[in-house]
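Spelled out, the chains give:
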Amino acid sequence: MGSLIPFQDLNLLPDPATSPSTAATAITPALIFPKIEPKLEPFDAPTLPLQSFPENPSPNFFVNSGQLPFVGPGSNPNDTVFSQTPEGSPEENNVYSEYYRISELFRTAFSKRMENLGNIDVLDPDSRAIVPVPEETRISNVVVSRRRDQRSSELVRVTDLTIDHVRYFRDLVRRTRMLYDALRIFSMMEEEKRREVGLITRRSRGDLRAAKLMKDRGLWLNRDKRIVGSIPGINIGDLFLFRMELCVVGLHGQAQAGIDYLPGSRSSNGEPIATSIIVSGGYEDDQDEGDVLIYTGHGGQDKFSRQCDHQKLEGGNLALERSMHYGIEVRVIRGIKYEGSVTGKVYVYDGLYKIHDSWFDVGKSGFGVYKYKLLRNEGQAEMGSAILRFAENLRISPLTVRPVGYLCEDISTKKENVPVFLFNDIDGDNEPMYYEYLPRTVFPLHAYNLGGNGSGCDCVAGCTDDCVCARRNGGEFAYDQNGFLLRGKPVIFECGSFCRCPPTCRNRLTQKGLRNRFEVFRSRETGWGVRSLDLIQAGAFICEYAGVVLTREQAALFSMNGDTLIYPNRFTDRWAEWGDLSKVYSDYVRPMHPSIPPLDFAMDVSRMRNLACYMSHSSCPNVLVQFVLYDHHNLLFPRLMLFAMENIPPLRELSLDYGVADEWTGKLPICN
DNA sequence: GCCTGCTCAATACC
DNA sequence: CGGTATTGAGCAGG
């Protein structure tokens, strides 16, 4: 029997595009990842110090000696940082910030702000935790200071990351993006509530609010260095739904402009250098053929994006020209239309390009434009935008696009809402066809008898925030209106058969089954794996991890027979990371209620299973396990529901943290 | 440091 | 639904 879940860590595998020779050979960690010290390659300074890799992104806040800086909720862009300091001369302790002795006027304004905003938080400079300030210390001797939050002018390239760094940065980027998403959704829900009450008429933008909250707290990444080339933790093919998110992770620093660059006024030799561009079809003279790209400079457009004037060789246009002159690579992000994303658009990181030519041309509307011919660097992973396009064709007619490799058009035999394909173009293995497909976990009868069940809500017209089921979840629903997980909880109570709400109730998310088309596919690196033909948005429900539940005694018998078992309590608690706002709100309480006892059951997947069984392990996974109850309320037997932890591009392999103690020698949750 | 102008956003609203 | 008006943010440059 082939291995059910491969032993390798998905994230530790080499990229087949860059290391084709290792793909087919036996994989050992030492072979693939020789230890290389990370180094930065300076452009101008020959003795640039090695970059240290901090535990947290470096805060843009100054640190007073012995004083804690106040961090306001940041509604006013002109005074984001407040600090309290004794009488005397605070300046001598701080080289970054400017101090203003607070005037009577400002004191009043400040206390008003505090009245309006409630909590004022402190960023502890040592622990980086955000803690509330005692009421009585707030007003006295307040000095307002501000540090201009400017991007660094130090130009560096990051090379030779060790596998530990790769993993660290991947995780850092993922956590940052999870926080951004959580903030975006929460601030939009907050606004919606205020709008319903009539406090405001117009909704403000969640994407901008989330970015600002994070910026005020120093949570944007890569602002202490200007990185040329790839950004640690961001892979080719990574997807972003909001332009601001690119700023937050440091992939592209311009909120709207398409060319990001270090301005000449801040570079060592007085010449601007481009670092990244966004190609989103906004310029009529662009010609995009993937590997070869004719990019138009910016400028000369009116407010309706119509070319109305000649472009000038300045700003980003000059920076691109200079980058060409020095042969410096540029990150390329494509903004493409994509049905099924919330914004109808998606930004894809497509890797590094070099500018090979530039010239001044007459554009389609008769105005002079600057043009740049960019060629994609060799040896990079496949372009994310090409995969997106390929996946779109695949969804329309899979057999035309990939005539070879489909073993089965639906291993679920219509038990799921959508077909689950089986694909193997590598070898003759067709093992998944021989298992009975089990869309939902089967619990023993006594699971339904124990525990408090039978009571549900009476919300015939749809559930409200104060109904029985909402209260059971700690006074809120776990999913938003669009069906995304808001924040992870120890367990979620969905509405069920004992509720009177309609089937359209938003608190019935996971019981409705699959929403994306998946395929189980054969891979040389991970054995069998699972991937989606659709973009799966962060927070979206994927599927249940299904099996037949066994008690401890039954499990003991089964393991003696050598059958394959899953132990739910071994999955790492990744749900706790989802929707955690403690980095931003001091009064944020992690959801601990309702708590569940340690799980003491196993699931047999040796005869009946669903697609989840084929997901690979990763210590840096893109899928999390969330316990959910809906057909009974027995806390001893929750269902294992899988949610996306990040935007998962089509055809990217899904991975779960099975809670392996050590990737290479530790035990897997599946035991034979 | 302060202000202005610019920008291949995103959303509301008609 | 599509166009456009509104709100809005960072950043470069003076």
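Treat the numbers as computed from the prediction; the structure is a model and nothing was measured.

> Looking at this model, I keep getting lost on the overall build of chain A. Mind explaining?
Helix and strand counts for chain A stand at 12 helices and 32 strands. Counting every position in chain A, which comprises 672 residues, the buried fraction comes to 55%. Contacts in chain A between residues far apart in sequence, at least 24 positions, make up 71% of those at least 6 positions apart. As displayed, chain A offers around 30,100 Å² of accessible surface, 52% of which is attributable to carbon and sulfur atoms.

> What exactly am I supposed to notice about the pairing of strand S14 (residues 292–296) here?
Across the 5 residues of S14, 4 count as buried, placing the element largely inside the fold. As defined by bridge partners, strand S13 (residues 287–288) adjoins S14 across 2 bridges and the pair is classed as antiparallel. Within S14, the position partnered with aspartate 288 by the bridge is leucine 293. What sits between the antiparallel neighbours S13 and S14 is a turn of 3 residues, in which glycine 290 has the positive phi angle 85 degrees. Pairing of S14 with strand S17 (residues 368–376) involves 5 bridges; the strand directions are antiparallel. Within S17, the position partnered with tyrosine 295 by the bridge is tyrosine 372.

> When you look at the UniProt feature "domain: Pre-SET" (unreviewed entry) in chain A in this model, what are you seeing that I'm missing?
The positions that UniProt labels "domain: Pre-SET" (unreviewed entry) are, in the present scheme, residues 455–513. Here residues 455–513 is 8% helix and 3% strand, with 23 Å between the C-alpha atoms at its ends.

> Would you explain the protein's contact with DNA strand C in this entry?
Residues in close proximity to DNA strand C total 14 residues, the closest being Arg223, Gly253, Gln256, Tyr261 and Pro263. Taken together, the sugar and phosphate atoms account for 89% of what DNA strand C places within 4 Å of the protein. Side-chain polar atom of arginine 223 to a phosphate oxygen of DNA strand C: 3.1 Å apart, as the coordinates give it. In the environment of DNA strand C, a phosphate oxygen lies 3.3 Å from a nitrogen or oxygen atom belonging to the side chain of serine 265. Taken together, the residues of the surface near DNA strand C break down into 5 nonpolar, 4 polar and 5 charged.

> Got a minute to help me understand the pattern of salt bridges in this structure?
A side chain of one charge can pair with a side chain of the opposite charge when the charged atoms of the two come close. Overall, the coordinates contain 32 salt bridges when judged by the stated rule. Close ionic contact of arginine 184 with aspartate 181 constitutes a salt bridge, the shortest N to O distance being 2.9 Å. Placement of both arginine 184 and aspartate 181 in helix H4 (residues 163–197) is noted, with a separation of 3 residues, approximately one turn of the helix. Here arginine 184 and aspartate 181 have matching classes, each one buried. Several salt bridges converge on common partners, so that one network encompasses Asp171, Arg174, Arg175, Arg574, Glu577 and Asp657.

> Even after reading the chapter, I still don't get helix H7 (residues 315–326), so can you show me in this structure?
Since one α-helical turn is 3.6 residues long, residues separated by three or four positions face the same way. With 12 residues, H7 should reach 16 Å at 1.5 Å per residue; the first-to-last C-alpha distance of 17 Å fits that figure. Where H7 is buried, its residues touch strand S11 (259–262), strand S12 (273–279), S14, strand S15 (330–337), strand S16 (345–362) and S17. A positive phi of about 70 degrees marks glycine 327, the residue just after H7.

> What is the right way to read helix H8 (residues 384–396) from this model?
Taking 1.5 Å of rise per residue, the 13 residues of H8 would be expected to cover 18 Å, and the 19 Å separating its terminal C-alpha atoms lies within 8% of that figure. The set of residues buried in H8 consists of Gly384, Ser385, Leu388, Ala391 and Leu394.

> Can you walk me through the state of the cysteines in this structure?
Applying the stated criterion to the full structure yields 0 disulfides. In this structure cysteine 543 is a free cysteine whose sulfur lies 10 Å from that of cysteine 613, the closest cysteine sulfur available. Taking the relative accessible area as the measure of exposure, cysteine 543 reaches 1% and is therefore buried. On the accessibility criterion, cysteine 613 (0% relative accessible area) is buried.

> Honestly, the pairing of strand S23 (residues 527–532) in this entry has me stumped. Any pointers?
Within S23, 6 of the 6 residues are buried, which leaves the element mostly enclosed by the surrounding structure. Note that strand S22 (residues 518–523) and S23 share 6 bridges and pair antiparallel. Directly across from valine 520, in S23, lies its bridge partner valine 530. Linkage of S22 to S23, two consecutive antiparallel strands, is achieved through a turn of 3 residues.

> Before we go on, may I ask you to explain the packing of aromatic side chains in this structure?
When we look at a pair of aromatic rings, we describe it by the centre distance and by the angle of the planes. Applying the stated criterion across every chain, the model contains 12 aromatic pairs. Measuring from centroid to centroid gives 5.3 Å for phenylalanine 601 and phenylalanine 637, while their planes differ by 40 degrees, and the two rings are tilted. Separated by 36 residues along the polypeptide, phenylalanine 601 in the loop between strand S26 (565–566) and strand S27 (602–604) and phenylalanine 637 in the loop between strand S30 (623–629) and strand S31 (639–644) bring together distant segments of the chain. These aromatic residues form a ring-pair network of at least three members: Tyr406, Phe421 and Phe423. In this structure, arginine 522 packs its charged tip against the face of tryptophan 528, placed 5.0 Å from the ring centre.

> Help me understand the nonpolar core in this model?
Across soluble globular proteins, nonpolar side chains show a tendency to be buried alongside one another. Ile542, Tyr545, Leu611, Met615, Leu642, Leu654 and Leu656 are the most contacted members of the largest nonpolar core, which has 46 residues in total. Within the residue set of this core, elements represented by two or more residues are strand S19 (420–423), S22, S23, strand S24 (541–544), S30 and S31. For this core, the element with the most residues is S30, which contributes 4 residues. What isoleucine 542 contacts, discounting residues up to four positions off in sequence, is Leu514, Phe518, Ile536, Met615, Val623, Leu642, Phe643, Ala644, Ile648 and Leu654. By size, the runner-up hydrophobic cluster in this structure holds 28 residues, among which are Leu179, Phe186, Leu213 and Leu486.

> For this particular structure, what's the right way to read the sheet that holds S22?
Remark on secondary structure: sheet strands pair via backbone hydrogen bonds, oriented parallel or antiparallel. Read from one edge of the open sheet, 4 strands run S18-S19-S22-S23, paired in mixed fashion. Since the sheet does not close on itself, it has two edges, and those belong to strand S18 (406–408) and S23, each with one partner. Averaged over neighbouring strand pairs, the angle between their axes works out to 35 degrees when direction is ignored.

> I tried to follow unusual backbone geometry on my own but got confused; where do I start?
Excluding glycine, residues mostly have negative phi values, and the peptide bonds linking residues are mostly trans. The phi dihedral of asparagine 222 is positive, around 60 degrees, even though this residue is not glycine. The residue asparagine 222 is located in the loop between helix H5 (206–216) and strand S9 (226–228) in this model. Here threonine 413, not a glycine, exhibits a phi torsion of approximately 45 degrees, which is positive. Secondary-structure assignment places threonine 413 in the loop between S18 and S19. The exposure class assigned to threonine 413 is exposed, which follows from its relative accessible area of 54%.

> Sorry if this is basic, but what is going on with the sheet that holds S27 here?
Spatial ordering of the open sheet is given by S25-S27-S26, a layout of 3 strands whose pairing is antiparallel. Only two strands of the sheet have a single neighbouring strand rather than two, namely strand S25 (548–550) and S26. Where S25 lies against S27, 3 bridges are found, and the strand directions are antiparallel. Pairing of valine 548 across the sheet is with aspartate 604, part of S27.

> Mind showing me how you'd approach the side chain of aspartate 657 here?
In this fold, aspartate 657 is placed in the segment after strand S32 (655–656). Taking relative accessible area as the criterion, aspartate 657 reaches 8% and is therefore assigned buried. Among the polar contacts listed, one links the side chain of aspartate 657 to the side chain of threonine 572, at a separation of 3.1 Å. Separated by 2.8 Å, the side chains of aspartate 657 and arginine 574 make a polar contact.

Cut-off values and rules
Residues numbered from 1 in each chain as written. Chains lettered and ligands numbered in written order. Predicted model: local features only at pLDDT ≥ 70, side-chain atom pairs only at ≥ 80, totals over all residues. Heavy atoms only, no water. Helix = DSSP H or I, 4+ residues; strand = E, 2+ residues; numbered from the N terminus. Buried < 20%, exposed > 50% of the residue type's maximum accessible area, 1.4 Å probe, protein only. Contact = heavy atoms within 4.5 Å. Areas by Shrake-Rupley, 256 points an atom, 1.4 Å probe, with all protein chains shown as cover. Pairing = 2+ DSSP bridges. UniProt positions renumbered as here; feature names shortened; annotations may be inferred. Near = heavy atom within 4 Å. Polar contact = N/O pair within 3.5 Å; in protein donor to acceptor, adjacent residues only side chain to side chain. Nonpolar A, V, L, I, M, F, W, Y, C, P; charged D, E, K, R; others polar. Salt bridge = Lys/Arg side-chain N within 4 Å of Asp/Glu carboxyl O. Expected span 1.5 Å × (residues − 1). Disulfide = S-S within 2.5 Å. Phe/Tyr/Trp six-rings, centres within 6.5 Å; stacked < 30°, edge-to-face > 60°. Lys NZ or Arg CZ within 6 Å of the ring centre and 35° of its normal. Core = buried A, V, L, I, M, F, W, Y, C linked by side-chain atoms within 4.5 Å. Axes fitted to C-alpha atoms, helices over the stretch in contact; angles between N-to-C directions.

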